[in-house]
Amino acid sequence: MGASLSIDYVTHQFSPSAAPTLKDIDTRIEPGEMVALIGRSGCGKSTLLHMMAGLLIPSQGCIRINSRQISKPSAKWNMMFQKASLYPWMSVKENAALGLMFAGLSKAEAVEKVDPLLDMLGLHDKKDVNVQSLSGGQQQRVALARSLATDPDILLLDEPFSALDAFTRTALQEEVPAICRERGITMIIVTHDIDEAVAMADRVLIMSQNPGRIVEELEVDLPWPRRHMDNGFQTRREELMNRFKGTDNGLQGRQQHTATDQSESAA
Amino acid sequence: MSAGTTTSTSSAVSLFAPTKLVRLLSNLQYPAMGITGLLFLWWIGGLLIQNNENLSAFSAFAPAPAFQALYDLVTSGEIWAPITSSLYRILVGMTWGIAIGVPVGVTIGYIGVALKVANVPFQFLRMISPLAWMPIAVMAFETWDSAIIFLLVMATVWPIIFSTAHGVRRIDPNWFKVARNLGASGPQMLRRIILPAIMTDVMAGIRLAVGVAWVVLVPAEYLGVTSGLGYAINDARDTLSYDYLAAVVLVIGIIGYGLDSVCNLLIKRFNWHVE
């Protein structure tokens, strides 16, 4: 079942002398909600997502999941990355079962448990193959199975589809929210793709940069599944685009762009 | 009728899988040429020795007496004792080398600073011939056997350490991130991620180490001990049985080649890189 996530006055600096990457971020995400976090590259959105996963601890403030402060990663709040990062010495089903093995299940039990998940994600004839022979989209599906296998309360997505071809991307943009809705999983996606945000989220948070703050918020009250050609989709897209432009702090932001980029990649 | 005969002939031929046999033979073609060339040079050398009156005492080094001696050693069973002693030392030496080298390699590879600190002293120690430790080994260990094993460990740890550390450095940082994210504990990270990820590099280090150990073992066995292939060579020299000496050299080469082939097979077995 989905969990709530609250970000309490989070400020983050990568070193004490550096300018803050994130400043005074304070927001709450409800159980089962689907939220997109958008902003220019270098605005700290990915840093914020790493904090939600417990992979990074904020210098000030804290992140709470179901009111409990998190201090380390857990398979219950699980992150998917831009790269699938599968383990090439394991088969597809072993990769998908890895989180369950870490949770203490034997390999046989874990592999059996992920079987229906692989069927659902269209990998039924790939279970035993080497992951290196899969396409990018199939690899990302294995990573999705791996994330879902541990029954997460929260699924964190860090631009997970940006390296995929358009067809696969569109399919996954439709499938992932459907799975999360069905299972009540709280979903948070970081993206710089406005279409992706409108296609996948109930609510979009827009971040500014230098320092990274949440400056705008937009509800996307469209029915599921969402079609890119629908009028409603196009209206929300326009609105999001306008709000996004409104937050652009122009030349100043662009000048400091490179510096923030570097500090973020250092994370 | 004739058509039926043709069919049965062709199916009989396919039963013998001629393509497989042909492939095997063609794979062996170049190694066979190499071996023949070596034997030819050896034979020429034997002839030259035989025809030089200053060297004729050594004519038993030639292929024919050597193979006769090898045949005698194998049929009498005499060869097995030195082989067993030598292989036992290699096995114990390699076990220690791996037991020390892999953990040290993982540690210095995992902790970037440790690699920087250890690099110079380790490279320095690596370049010292293991045999140079002999006097110290003899003083430090009670038996010649353990002294020799110590030398083998000194020979084998370095390639294993460096290869392992290199393997750890090469691990995709995202593999750590994903595993942490999935809730891996320290031991789980080691067992499921780090060890399989570095297995190919560790095996490559072991292969190098086996080669060095086998080369170091023979001179190490010249000293003190009364068993092993190195001792057998020394013994043959002392009794002027040059045909036996040549036979033992052959055995050393064959076993060395065998050990390397086994390591190579293991590397292929553990290699997960797509060709």
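Just so it is clear, the model here is predicted, and its values are computed rather than measured.

Participant: With reference to specific residues and values, describe the sheet that holds strand E4 (residues 60-65) of chain A.
Facilitator: Pairing between sheet strands relies on hydrogen bonds along the backbone, with the strands arranged either parallel or antiparallel. All names here are of chain A. With antiparallel pairing, four strands are arranged side by side in an open sheet as E2-E1-E4-E5. Among the strands making up the open sheet, the edge pair consists of strand E2 (22-29) and strand E5 (68-69). In this structure, strand E1 (residues 5-12) lies alongside E2, joined through five bridges in antiparallel fashion. Note on E2: the bridge partner recorded for Val10 is Ile25. Sitting on the sheet, helix H1 (residues 45-52) is in contact with E1, E2 and E4, with an inclination near 125 degrees to E1.

Participant: How would you sum up the interface of chain A and chain B? Please name residues and give values.
Facilitator: Where interface size is given, it is often the accessible area lost as the parts come together that is meant. Listed by partner, the interface residues are 25 residues for chain A and 19 residues for chain B. Of the roughly 2,000 Å² buried where chain A meets chain B, counting both sides, 63% is carbon and sulfur surface. The largest share of the area that chain A buries against chain B comes from A:Tyr87, A:Trp89 and A:Phe102, three residues that together contribute 36% of it. Counting every contact that joins chain A to chain B gives one salt bridge. Between A:Lys83 and B:Asp172 there is a salt bridge whose closest N-O contact spans 3.1 Å. In this structure, the connection of chain A to chain B is made through ten residue pairs in polar contact (both at pLDDT 80 or more). Of all elements in the fold, only strand E6 (77-80) and helix H2 (92-102) of chain A reach the threshold of two or more residues within the side of chain A that touches chain B. The residue inventory of the side of chain A that touches chain B, partitioned by class, reads 15 nonpolar, seven polar and three charged.

Participant: Quick one: what's the story with the sheet that holds strand E7 (residues 154-158) of chain A, residue by residue and with numbers?
Facilitator: All names here are of chain A. With mixed pairing, the six strands of this open sheet are ordered in space as E6-E7-E8-E3-E9-E10. Both edges of this open sheet fall to E6 and strand E10 (213-219), since each of them pairs with a single strand only. The average undirected angle you get between the axes of adjacent strands in this sheet is 20 degrees. Relative to E7, E6 runs parallel, the two being bridged by four bridges.

The rules behind these values
Residue numbering note: each chain is counted from 1, following its sequence as written. Working convention: letters from A go to chains and numbers from 1 go to ligands, in the order in which they are written. Whole-chain, interface and lining totals are the exception, using all residues; otherwise, since this is a predicted model, local features are given only for residues with pLDDT of at least 70 and side-chain atom pairs are given and counted only at 80 or more. With hydrogens and water set aside, each side-chain value is computed from the structure's full complement of heavy atoms. A pair of strands is labelled paired if DSSP reports no fewer than 2 bridges between them. Strands are runs of DSSP state E lasting at least 2 residues, helices are runs of H or I lasting at least 4, and numbering of each runs from the N terminus. By definition, residues are in contact when any of their heavy atoms lie within 4.5 Å. The angle between two axes is taken between their N-to-C directions and runs from 0 to 180 degrees, where each axis is a line fitted to C-alpha atoms and a helix contributes only its stretch in contact. Here the quantity called buried area is the total loss of accessible area, with a 1.4 Å probe, experienced by two parts when brought into contact, counted for both. Just to be clear on terms, a salt bridge is a Lys or Arg side-chain nitrogen sitting within 4 Å of an Asp or Glu carboxyl oxygen. N or O atoms within 3.5 Å of each other form a polar contact, as long as, within protein, one can give a hydrogen and the other can take it, and as long as residues adjacent in sequence are counted only when both atoms are side-chain atoms. Classification used: nonpolar for Ala, Val, Leu, Ile, Met, Phe, Trp, Tyr, Cys and Pro, charged for Asp, Glu, Lys and Arg, polar for all others including Gly.

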